[in-house]
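# Notes for the structure review
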Amino acid sequence: MHINLKLTGLFGILLLAMCSSASIPKADTPGGRPLAFVNVAVIPMTGEGSLKDQTVVIEAEKITRIGPTASIRIPPNAIRIDGQGKYLLPGLVDFHVHLRDPGELLSYLAHGVTTVVHLSGPMGNVPDISALRRKIAAGEIQGSNVYRTGRILDGNPPINPGVSTAISTPEGARLAVEEQYRSGVDFIKVYNNLSSDLLRAVVEAADQRGLAVIGHIPRRDGRPQALQTALTAGLDVIAHGEEFFFTYFYDDTDSRLARNLSPQPDRSRIPLVVRFVRESGTAVIPNLSFVAMTRRQLDSLDEVFSDPEARYLSPNVLAMWREQNPTRRRELASFSLRERAKYAFLKELIPALQAGGVLLLLGTDSSAPGMFPGKSAHLELRELVEAGLTPHQALATGTKSAGQFIKGHVRDAEAFGTVSVGERADLLLLEANPLSDINNISQIAGVTVRGHWLSKTTLEKMRTNAVNSLLPREK
């Protein structure tokens, strides 16, 4: 079989090879045997703190028993994982990703992200998300659980034509939602250029089919009223915290930037906005990591591209990063001034949303430039804690809260997101306690996805083998 490197990318090659049963990377739990984490500290995310000296038993991809090690019966054929000195918590959920290459799923797992939500239609080397999900479910590919939208629904003209469907009429909105429903999407995504009446039409059609709507705050009919319009229409999830800056708080931003002045969002209005969002029941993806990474690239692009994670990117994605990173923007000085002001504003808005009872969901917008699949989730957690959330609150955005939202909005979704009996066994084993220091989220000993254990060593071998498969061979 001839493989075109430009079309498939680094991990596309790996996963094409994996379609052969002889070369599928195996989890460390062969034969469907039960799995038991023994003498481990459990961070269940059902309440504050951790439980010491616990044993967690997994059978048939579900958690079946949890309790003090001395009182839990372990199946005799179970594979035992020594958890002494380690911490077991739910696997992370990145609620805002763009899968551009199949191998990114391996990178998510390597960083403890056991579930991703793909917020666009076909992209890059992933022309069929449904087919990819079937391969994962069949065990042909090791990868995170994937939930998805279809093509972005936008006004005419759309902002990103290649991944969008342009909507011009309410009837067109209804037909587009119906088509995506029949294709098996989990959510609907909307974008900037939808007019108010078309946004309402999309949400109404989605509600009739039980689909939650995620996206930008459409601002075609004007920025000042855009937030209230979106909340009233019933937008279920705001996909970026920065959407607040670009709408309700935008005010005289453009005029100030034209005079080389920093934008000054009116922070006195934050409590009112928090009340609006809480009363609407709309969730928010803060995505502080994306804004922070934009700043980091503007400050030192070479430092970002020299990250060891870059070696795991597909050639196509890496090329896209070089062409579309923030340093390629026009009017760079003005853009940089705006980004600094936006970042400072969001560091105040996000903890206010948390304190006000708004549901926050971890999302990173990977694999946008600088947002390394999997690793960006750790950056988001650190940014949330730096903004004022406790480590437990930050972890909840990517575990319990995400699991609850999916269970409540996705038809026939399995329960997951906490360490609880009956839930899908997507778990993360750490060498140190993330509740005492959120940076410990990077101290990964291994992950369990759908009940299958993958040690750090196994994950590193899988990723290294993928990279080595493309190295030139000596003749």
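Quick summary incoming for the structure in this document.

Rules and cut-offs
Note on numbering: residues in each chain are counted from 1, in written sequence order. Per-residue local features of the predicted model are confined to residues with pLDDT of at least 70, and side-chain atom pairs are confined, for both listing and counting, to 80 or more; whole-chain, interface and lining totals are unaffected and use all residues. In computing side-chain values, all of the structure's heavy atoms are included and hydrogens and water are not. Counting from the N terminus, the helices are the DSSP runs of H or I reaching at least four residues and the strands are the DSSP runs of E reaching at least two. The globule rule used here is 2.2 Å times the number of residues to the 0.38 power, and the radius of gyration it is set against is calculated over C-alpha atoms. For every residue, the accessible area (1.4 Å probe, protein chains only) is compared with the maximum for its type, and the residue is labelled buried under 20%, exposed over 50%, or partly exposed between those bounds. Residue contacts follow a heavy-atom distance rule, with two residues in contact if any of their heavy atoms lie within 4.5 Å. The method behind every accessible area is Shrake-Rupley, applied with a 1.4 Å probe, and residues are considered shielded solely by the protein chains displayed. By the counting scheme adopted, Arg and Lys are positive, Glu and Asp are negative, and His together with the chain ends is not counted. Lysine's charge is taken at NZ, arginine's at CZ, aspartate's at CG and glutamate's at CD. Multiplying 1.5 Å by the residue count of a helix minus one yields the expected span of that helix. Two aromatic rings from Phe, Tyr or Trp, using only the six-membered ring of Trp, form a pair when their centres are within 6.5 Å; if the ring planes differ by under 30 degrees the pair is stacked, by over 60 it is edge-to-face, and anything between is tilted. In this scheme, the term charge over a ring applies when either NZ of a lysine or CZ of an arginine sits within 6 Å of the ring centre and within 35 degrees of the ring normal. Put plainly, a pocket is an open set of points on a 1 Å grid over the protein atoms alone with protein on both sides within 12 Å along at least five of seven lines, a cavity is a set where a 1.4 Å probe fits but cannot get out, and a lining residue has an atom within 4 Å of a point. Grid points are joined across faces, edges and corners, and a volume is the space filled by probe spheres set on the points. Charged means Asp, Glu, Lys or Arg here, nonpolar means Ala, Val, Leu, Ile, Met, Phe, Trp, Tyr, Cys or Pro, and polar covers whatever is left, Gly included. Side-chain atoms within 4.5 Å link the members of a nonpolar core, which is a set of buried Ala, Val, Leu, Ile, Met, Phe, Trp, Tyr and Cys residues. Criterion used throughout: strands pair if DSSP finds at least two bridges between them. Handedness of a crossover is defined as follows: with both strands directed away from the viewer, a clockwise route from the first strand across the helix to the second makes it right-handed. Salt bridge criterion: a side-chain nitrogen from Lys or Arg within 4 Å of a carboxyl oxygen from Asp or Glu.

## Observations concerning the overall build of the chain
- Broken down by element type, the chain carries 17 helices and 17 strands.
- A globule of 475 residues ought to have a C-alpha radius of gyration of about 23 Å, and the chain, at 22 Å, matches this closely.
- Based on the C-alpha atoms only, the size of the chain along its principal axes is roughly 70 × 55 × 45 Å.
- Residue burial in the chain is summarised as follows: out of 475 residues, 60% are buried.
- Considering only contacts in the chain between residues 6 or more positions apart, those separated by 24 or more positions represent 71%.
- Of the accessible surface of the chain, which amounts to about 19,100 Å², a share of 50% is contributed by carbon and sulfur atoms.
- For the chain, the distance from the average site of its 52 positive side-chain charges to the average site of its 49 negative ones is 3 Å.

## A look at helix H17 (residues 456–468)
- A rise of 1.5 Å per residue sets the reference length of H17, with its 13 residues, at 18 Å; its end C-alpha atoms lie 18 Å apart and thus fit the reference within 8%.
- Within H17 the residues assigned to the buried category are Thr458, Leu459, Met462, Arg463, Ala466 and Val467.

## Here's the deal with the packing of aromatic side chains
- In total, this model carries 13 aromatic pairs according to the counting rule given.
- Relative to Tyr250, the ring of Phe245 lies with its centre 5.9 Å away and its plane at 85 degrees, an arrangement referred to as edge-to-face.
- In this structure Phe245 comes out as buried when scored by relative accessible area, which is 0%.
- One aromatic cluster is present, formed by Phe245, Phe246, Tyr248, Phe249, Tyr250 and Phe345 through successive ring pairs.
- The side chain of Arg269 reaches across the aromatic face of Tyr248, ending 4.7 Å from its centre.

## Focus: empty space enclosed by the protein
- Scanning all chains against the criterion turns up one cavity of 30 Å³ or more.
- A volume near 70 Å³ is recorded for the largest cavity.
- Looking at the largest cavity, it is lined by 13 residues, and the ones nearest its centre are Ser196, Pro218, Asp221, Ala226 and Thr229.
- Within the residue set of the lining of the largest cavity, elements represented by two or more residues are helix H5 (196–208) and helix H6 (226–233).
- Counting residues per element, the lining of the largest cavity draws most heavily on H6, at three residues.
- The class makeup of the residues in the lining of the largest cavity is five nonpolar, five polar and three charged.

## Here's the deal with the layout of surface pockets
- By volume, the largest pocket amounts to about 1,100 Å³.
- Counting only elements with at least two residues in the lining of the largest pocket, the list comes to helix H7 (242–246), helix H10 (288–299), helix H12 (315–324) and helix H13 (332–355).
- Residues of the lining of the largest pocket, tallied by class, amount to 13 nonpolar, 13 polar and 10 charged.

## What about the nonpolar core?
- Formed by 88 residues in total, the largest nonpolar core has its most connected members in Leu99, Ile188, Phe244 and Leu353.
- The greatest single-element share of this core, amounting to seven residues, is contributed by H5.
- Sequence-distant contacts of Leu353, defined by excluding residues within four places in its chain, comprise Phe244, Val274, Val284, Val358 and Leu360.
- Counting residues in each nonpolar core, the second largest holds 19 residues, with Val93, Phe95, Phe405 and Phe416 among its members.

## As for the pairing of strand E11 (residues 187–190)
- Along E11, one buried face is formed by Phe187 and Lys189 and the opposite face, lined by Ile188 and Val190, is buried too.
- Of the strand pairs in this sheet, E11 and strand E12 (residues 212–215) are connected by four bridges, and their pairing is parallel. Looking at E12, one finds that Ile188 is bridged to Val213.
- After leaving E11, the chain enters H5 and then returns to the sheet as E12, a path that is right-handed.

## A closer look at the pattern of salt bridges
- Inspection of the entire model under this criterion finds 24 salt bridges.
- One salt bridge in this structure joins Glu59 and Arg65, with 3.8 Å as the shortest N-O distance.
- Residue classification places Glu59 among the partly exposed positions, given a relative accessible area of 24%.
- Arg65 sits in the partly exposed class, given a relative accessible area of 21%.
- Of the charged contacts, one joins Lys86 and Glu431 as a salt bridge, the two residues approaching to 3.7 Å between their closest N and O atoms. Here Lys86 is found in the loop between strand E4 (79–82) and strand E5 (87–90), whereas its partner Glu431 is found in the loop between strand E15 (427–430) and strand E16 (444–449), with 345 residues between them in sequence.

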